[in-house]
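If you want the building blocks of each chain, they are given just below.
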Amino acid sequence: MKHLRSIDELGHDGVVRLLELTTHMVEINSRPVPKVPALRGRTVASLFFEDSTRTRLSFETAAKRLSADTMTFSVSTSSVNKGESLRDTVETITDMGVDAFVVRHKSTGIPWQISDWTDACVVNAGDGWHQHPTQALVDCFTVRQALGRDRFDGLTLTIVGDIKHSRVARSNISAFSMLGANVVLVAPPTLLPPDVSHWPVEVSHRLDEVLHRTDILYMLRLQSERMSQGHVPNLREYAEAFGLDARRVGMLPSGAVLMHPGPMNRGVEMLIDPSTLTNSLIHQQVSNGVSVRMAVLFDLLAGESSASHLSQEAS
Amino acid sequence: MTRPAEVSAVGRVVLKDGTIVDSRGEQRLDVAMENGVVKEVGVALRGDRMVDARGCFVAPGFVDLHAHLREPGKEEAETIETGSRAGAKGGYTALVAMPNTDPPQDSVAVIDFVREQGKRAGLLEVVPSGCITLGRQGEALAPLAELAAAGVRLFTDDGSGVQNELLMRRAMEYARGLGVTLAQHCEVTSLTKGAVMNECQCCTSLGLPGWPSIAEELMVFRDIELARLTGARVHFLHLSTARSVELVRAAKRDGLPITAEVTPHHLSLDDTRLTSFDTVFKVNPPLRSLGDIAALRAGVRDGTIDALATDHAPHPRRDKELSLDQAPPGMLGLETALGVALGVLDVDLVHLVRIMSTQPAAIAGISDRHGRDIEVGVPANVVVFDPDVSWTVSPDSLASKSRNTPYVGMTLRGKVRHTFFDGVATVLDGDAQR
């Protein structure tokens, strides 16, 4: 693997390989000193052109636990504000010697453009509404861990909310389908992309009709700016139709789990405190973030020897 | 045969052993040109300079209704001289210069400047179009009568369409009185805010804001009905959707004074190109579906579409290196138009000359000197092309100042060999002469 830019590029085998590798990383993270020298001498540069808390911090933590050096690029203090082009920025950092770029940008396709301008590996940490592959890996790993199964055949993943503007949804639709899950999208038509007929999904506009057959309920964040664009009339109406409250939690089959990529909009899509629910995986999603990103960086940067190499170092 | 440098000199130039193709069909005759006009057409002609046209077709020079020459204002992308050279290499003897310059072509001073720069370059006729509204702002009419008196025959706010219905109605009424044509860039912008590509399955998967077909079709419909109401002559720029073609077909059936153009890229490239994330494929209107492409080709075949127009839109490298949503739309077209058209259009050469020369010349109001059948006495604006030669598009061989061609590395069949503007060779054996 040279880059991690989308789940489709990664493919089924790549997804499985990274999920297996994550298991090793979870073990490392459980040690008293969760640090290995696997990527000593490697440099990982974070290029975050968009705000992020958990993704940026989990990538940086992951790099440090593998002993890589990190370089953080912050748009507000960089030459981008002096009109430097993205290409010049990438080439400048490449010249300093980096092995991987971790990139988040509000525009679709930026990781592909960057990989034309550098020899370093490119990891997509979210591009526009397009892809967020490490979040999908985190979510698949979290479900695997919680349900104790490698394949998701027979499971139904229901993704609720603003699918149209969600890179998390796009990556998860691919990843969960690859592992065998049925995917149901629930949203008003205004929050769905224009034509999903080629996606391996079922579409519903009524949450109450699909809850009873949902095994994994995935709530998406609704950004308040969607109101001004006419996607939904107001938050109250959205919450009424698509928000998760106690009544709807009660409609889920026993054993169903709840997920959310964060940050949550309490009172909008989340009308109940998820920490009161025994079947919420939201905290595991965050804690697995570091392990998954360690697996990704290790897979990209450690070379051929891969997992066996890791076991040696870990022992 | 003489060497290229000698041909430009004054004297009697004979195009030897070619086949004339124009509205009358094909004729294997030599063409003699002298003092800027066609002097003689016949067999085994002699002259001071003989130019080989064996295996080639000799046609009236191409006329592009839609070229962004970027001067004044964005000379980093193109100048009138470099754009003219690109045009000459593409077989053009006249280019209609789009008015979205800086300052825009909404005053006689700017119109005169553009025309004079064209004359200075001397490679073809640069025909300035004028803005419909002041500053292309869509708020008040530009001085259409003044501009018409300065020779402008085609008016457009290209780059954007006139959104306000009342203003467009007034523009049409006023234009009818002046006998000029209004050319519309059809895009209802409230439906295309932030749009990057066609609204389709690809845009769904790529998570890019879509540019729906209906944003074009609504304005096509509106302007057809306004033309019906006002009697104004309306030309539709770069139509891109199947339904637009249908609307124009019906309007023509009703006898309305409507004309329409399509671009080589909308006839040849589909929306899935954007999956490469290469900003060279971002264009406005966007590349559409295969179904749209088929409908556009059918529209050309049955005469619904009057003209092939390039929408040549040069951009400097650094602008096209922005993200897909930030990069400006547009691609080069002048030097590849013929090869692309020959590859994708199922029409004979007589029809091709009609849509690349005769009809665009009529729409631009320059039929007295361009798009004329090759007969004695007409201005010697002539292209000589070989429809069978294959060539691979290499950005470095382009005469344009920019490099944003979507056809890089593709092999096209059909190439311009010589171009004559007012009887002077601007291109010989594929090389620009100045």
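Every chain's residues receive numbers from 1 upward, in the order its sequence appears when written. To label them, take the chains in the order written and letter them from A, then take the ligands in the order written and number them from 1. Local features in a predicted model are, by the rule used here, given only for residues with pLDDT of at least 70; side-chain atom pairs are given and counted only at 80 or more, and totals for whole chains, interfaces and linings are based on all residues. With hydrogens and water set aside, each side-chain value is computed from the structure's full complement of heavy atoms.

The numbering of helices and of strands both runs from the N terminus, where a helix is a DSSP run of H or I of at least 4 residues and a strand a run of E of at least 2. Helices and strands together make up the secondary structure of chain B, namely 13 helices and 21 strands. In this setup the radius of gyration rests on C-alpha atoms only. A globule is expected at 2.2 Å times the number of residues raised to 0.38. At 21 Å, chain B has a C-alpha radius of gyration in line with the 22 Å of a compact globule built from 434 residues. Counting only C-alpha atoms, chain B reaches 60 × 50 × 40 Å along its principal axes. Here chain B, with 434 residues, has 62% of them falling under the buried criterion. By definition, residues are in contact when any of their heavy atoms lie within 4.5 Å. Long-range pairs, those at least 24 residues apart, make up 74% of the contacts in chain B with a sequence separation of at least 6. A total of about 15,200 Å² of accessible surface is found on chain B, and carbon and sulfur atoms cover 49% of it. Here chain B holds 46 positive side-chain charges and 57 negative ones, and the gap between their average locations is 2 Å. Here's how the labels work: a residue is buried when its accessible area is under 20% of the maximum for its type, exposed when over 50%, partly exposed in between, all with a 1.4 Å probe on protein chains only. Working definition of accessibility: Shrake-Rupley area with a 1.4 Å probe, residue cover restricted to the visible protein chains. We count Lys and Arg on the positive side and Asp and Glu on the negative side, and we leave His and both chain ends out. The atom standing in for a charge is NZ when the residue is Lys, CZ when it is Arg, CG when it is Asp and CD when it is Glu.

What follows covers the sheet that holds strand β15 (residues 233–236) of chain B. One key point about sheets: their strands pair by backbone hydrogen bonds, in either a parallel or an antiparallel sense. All names here are of chain B. Judged by pairing direction, the sheet is parallel, and its five strands sit side by side in the order β11-β12-β15-β16-β17 without closing on themselves. In the strand order of this sheet, the two ends are held by β11 (154–156) and β17 (307–308), each with one partner. Here, a strand pair is defined by DSSP locating no fewer than two bridges between the strands. Relative to β17, strand β16 (residues 258–262) is paired through two bridges, and the arrangement is parallel. Across the sheet, residue Glu261 finds its bridge partner in β17, namely Ala307. Axis geometry follows a simple rule: fit a line to the C-alpha atoms, using only the stretch in contact for helices, then measure angles between N-to-C directions, giving values from 0 to 180 degrees. Here helix α5 (residues 165–178) sits on the sheet in contact with β12 (181–184) and β15, set at roughly 150° to β12.

Here, the term nonpolar core denotes a set of buried Ala, Val, Leu, Ile, Met, Phe, Trp, Tyr and Cys residues that are joined through side-chain atoms within 4.5 Å. Within the largest apolar cluster, 96 residues are counted, with the highest numbers of intra-cluster contacts made by Phe155(B), Phe236(B), Ile258(B), Met356(B) and Phe385(B). The leading source of residues in this core is helix α13 (residues 349–364) of chain B, at six residues. Apart from the residues within four sequence positions on either side, Phe385(B) is in contact with Val21(B), Cys56(B), Phe57(B), Ala59(B), Phe62(B), Leu338(B), Leu349(B), Lys415(B), Val416(B) and Arg417(B). Counting residues in hydrophobic clusters, the runner-up holds 90 residues, among them Val168(A), Ala169(A), Val186(A) and Leu192(A).

All names here are of chain B. Domain start and end points were adopted from an automatic or database domain assignment. Partitioning chain B into domains gives domain 1 (4–58 + 376–432) and domain 2 (61–364). Taken residue by residue, the interface counts 37 residues in domain 1 and 45 residues in domain 2. Buried area: the accessible surface (1.4 Å probe) lost by two parts on joining, summed over both. When the buried surface of domain 1 facing domain 2 is broken down by residue, Lys401, Asn404 and Tyr407 rank first, second and third, together holding 21% of it. Between N or O atoms, a polar contact is any pair within 3.5 Å; within protein, one atom must be a potential hydrogen donor and the other a potential acceptor, and residues adjacent in sequence are included only when both atoms are from side chains. Counting across the interface, domain 1 meets domain 2 through 15 residue pairs in polar contact (both at pLDDT 80 or more). Elements that contribute at least two residues to the side of domain 1 that touches domain 2 include exactly β2 (19–22), β3 (25–27), β18 (382–392), β19 (411–421) and β20 (424–428).

On to the side chain of His132(A). Tracing the sequence through the fold places His132(A) in the loop between β4 (121–127) and α5 (133–147). If we ignore the near neighbours within four places in the chain, the residues touching His132(A) are Thr55(A), Arg104(A), Ala125(A), Gly126(A), Arg167(A), Val168(A), Ser171(A) and Arg293(A).

So, on to the side chain of His235(B). Residues and elements named next belong to chain B. For His235, the location among the structural elements is in strand β15. Take His235: its relative accessible area is 0%, and that puts it in the buried class. Excluding anything up to four places from it in sequence, His235 contacts Leu65, Thr181, Leu182, Ala183, Gln184, Thr259, Ala260, Glu261 and Ile363.

For the rest of this paragraph, the subject is the environment of Leu324(B). Tracing the backbone shows Leu324(B) in the loop between α11 (317–320) and α12 (337–344). Residues within four places of Leu324(B) in sequence aside, it is in contact with Thr108(A), Gln113(A), Val196(B), Leu208(B), Leu274(B), Phe277(B), Asp278(B), Thr279(B) and Lys282(B).

Another point: the packing of aromatic side chains. What counts as a ring pair is set by centres within 6.5 Å for rings of Phe, Tyr and Trp (its six-membered ring), and what kind of pair is set by the plane angle: stacked under 30 degrees, edge-to-face over 60, tilted for all other angles. As enumerated under the stated definition, the model contains seven aromatic pairs over all chains in all. Where Trp112(A) meets Phe277(B), the ring centres are 4.4 Å apart and the plane angle is 35°; that geometry is what we call tilted. Taken as a pair, Trp112(A) in helix α4 (residues 110–117) and Phe277(B) in the loop between α9 (264–268) and α10 (290–301) lie in two separate chains rather than in one. The exposure class assigned to Trp112(A) is buried, which follows from its relative accessible area of 12%. Members of the aromatic cluster, each reached through a chain of ring pairs, are Phe57(B), Phe62(B), Tyr92(B) and Phe385(B). Seen from the ring of Trp391(B), Lys415(B) lies directly overhead, with NZ or CZ sitting 5.1 Å from the centre. Charge-over-ring placement is defined geometrically: NZ (Lys) or CZ (Arg) within 6 Å of the ring centre, and within 35 degrees of the ring normal.

Time to look at the sheet that holds strand β9 (residues 92–97) of chain B. Residues and elements named next belong to chain B. Judged by pairing direction, the sheet is parallel, and its three strands sit side by side in the order β8-β9-β10 without closing on themselves. On the outer flanks of this sheet lie β8 (62–67) and β10 (125–128), each paired with one strand and no other. Here the average twist between neighbouring strands, direction ignored, is 20°. Sheet topology note: the β8/β9 ladder contains four bridges and is parallel. Its bridge partner lying in β9, Asp64 is registered against Leu95. Along the sheet, helix α2 (residues 80–89) makes contact with β9 and β10, crossing β9 at roughly 135°.

The working definition used for a salt bridge is a side-chain nitrogen of Lys or Arg within 4 Å of a carboxyl oxygen of Asp or Glu. Per the counting criterion, the structure on display carries 45 salt bridges over all chains. For Arg247(A), the salt bridge identified is with Asp208(A), shortest N-O distance 3.1 Å. With Arg247(A) in helix α10 (residues 246–251) and Asp208(A) in helix α7 (residues 207–210), this residue pair connects regions lying 39 residues apart in the sequence. The exposure class of Arg247(A) is partly exposed, given its relative accessible area of 47%. Assessed through its relative accessible area of 27%, Asp208(A) is described here as partly exposed. The partner of Glu116(B) in a salt bridge is Lys119(B), with the nearest N and O atoms 3.7 Å apart. Of this pair, Glu116(B) and Lys119(B) both sit in helix α3 (residues 108–121), separated by three residues, roughly a single helical turn. Judged by its relative accessible area of 37%, Glu116(B) is partly exposed. On the basis of relative accessibility, which here comes to 55%, the residue Lys119(B) falls in the exposed class. Residues joined in a network through salt bridges with shared partners are Arg87(A), Glu91(A), Arg317(B) and Glu321(B).

Before going further, it helps to examine the interface of chain A and chain B. Listed by partner, the interface residues are 20 residues for chain A and 19 residues for chain B. On the chain A side of the contact with chain B, Thr108(A), Gln113(A) and Pro194(A) bury the most area, a combined 29% of that side's loss. Here chain A is connected to chain B by two salt bridges. Where Arg87(A) meets Glu321(B), a salt bridge forms, and the shortest distance between an N and an O atom there is 2.5 Å. In this assembly, chain A and chain B are joined by 12 residue pairs in polar contact (both at pLDDT 80 or more). Residue contributions to the side of chain A that touches chain B peak at four residues, all from α4(A). In the side of chain A that touches chain B, the residues fall into eight nonpolar, eight polar and four charged. Each residue gets one label: Ala, Val, Leu, Ile, Met, Phe, Trp, Tyr, Cys and Pro are nonpolar, Asp, Glu, Lys and Arg are charged, and the others, such as Gly, are polar.

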